[in-house]
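Reading the structure
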Amino acid sequence: TNILSWRPPGNRKPTTNEVTVCLPFIRRHIELVNPDVLVLVGGTAASALLGRREGITKLRGRWLVYRTEGPNGGREIPTMSIYHPAYLLRQPGLKRDAWRDILAIQERLSSTEPKE
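Within any chain, residue numbers begin from 1 and follow the written order of that chain's sequence. Two thresholds apply to this predicted model, a pLDDT of at least 70 for residue-level local features and 80 or more for giving and counting side-chain atom pairs, whereas whole-chain, interface and lining totals are computed over all residues. In computing side-chain properties, one takes all heavy atoms of the structure into account and sets aside hydrogens as well as water.

**Quick notes on the sheet that holds strand β1 (residues 38-41)**
Strand order in this open sheet of three strands is β1-β3-β2, and the pairing throughout is mixed. The open sheet has two edge strands with one neighbour each: β1 and β2 (63-67). Taken over all neighbouring pairs, the strand axes of this sheet differ in orientation by 40 degrees on average, direction set aside. Across the sheet, helix α2 (residues 43-50) is in contact with β1, β2 and β3 (76-82); its angle to β1 comes to roughly 125 degrees. What makes two residues a contact is simply this: any of their non-hydrogen atoms within 4.5 Å. The axes used here are C-alpha line fits, helices contributing only the stretch in contact, and every angle between their N-to-C directions lies in the interval 0 to 180 degrees. Numbering of helices and strands starts at the N terminus; helices are DSSP runs of H or I of at least 4 residues and strands are runs of E of at least 2. With respect to the sheet, helix α5 (residues 95-111) is in contact with β1, β2 and β3, its orientation differing from that of β3 by roughly 160 degrees. Paired strands, in this sense, are two strands between which DSSP finds at least two bridges.

**Regarding the environment of Gly 61**
Relative to the assigned elements, Gly 61 resides in the loop between α3 (56-59) and β2. Taking the C-alpha atoms as reference points, Gly 61 and Thr 79, separated by 18 residues in sequence, lie 10.0 Å from one another. Excluding residues within four positions of it along the chain, Gly 61 makes contact with Met 80, Ser 81 and Asp 101.

**So, the pattern of salt bridges**
We count a salt bridge whenever a side-chain nitrogen from Lys or Arg sits within 4 Å of a carboxyl oxygen from Asp or Glu. Inspection of the entire model under this criterion finds six salt bridges. Taking the shortest distance from any N to any O, the salt bridge between Arg 28 and Glu 31 comes out at 3.3 Å. Taken together, the residues Arg 28 and Glu 31, both in helix α1 (residues 16-33) and three residues apart, mark about one turn of the helix. For the exposure calls, accessible area comes from a 1.4 Å probe over protein chains only, and a residue counts as buried if that area is under 20% of its type's maximum, exposed if over 50%, partly exposed in between. The exposure class assigned to Arg 28 is partly exposed, which follows from its relative accessible area of 43%. Where Glu 54 meets Arg 52, a salt bridge forms, and the shortest distance between an N and an O atom there is 2.8 Å. By relative accessible area, Glu 54 is classed as partly exposed at 29%. Since its relative accessible area comes to 28%, Arg 52 is described here as partly exposed.

As structure tokens, this is what we get:
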């Protein structure tokens, strides 16, 4: 899902206030889905959900941890940030890095034990 439930006017980057309003809904969505891994697509999603200031070029390709705040104390979800497809259309030379990220995600999912 997207950080915002709507497209900001002019397709601009979401404001801090817009992200703040929507973040509780996204966090709850993640808790309900309870994924084995979390893939954050683009810098906006990565910085909002991981609380990091680094740009997507520094965050991508590294496994980080997203912590839920569920009723049972939450859990830690392995998380990979990847380039947004729209960014790759503007920077096609980065598709090789994006492919490596996808392969790393596939490998992680293959080695993850299924949930009960």
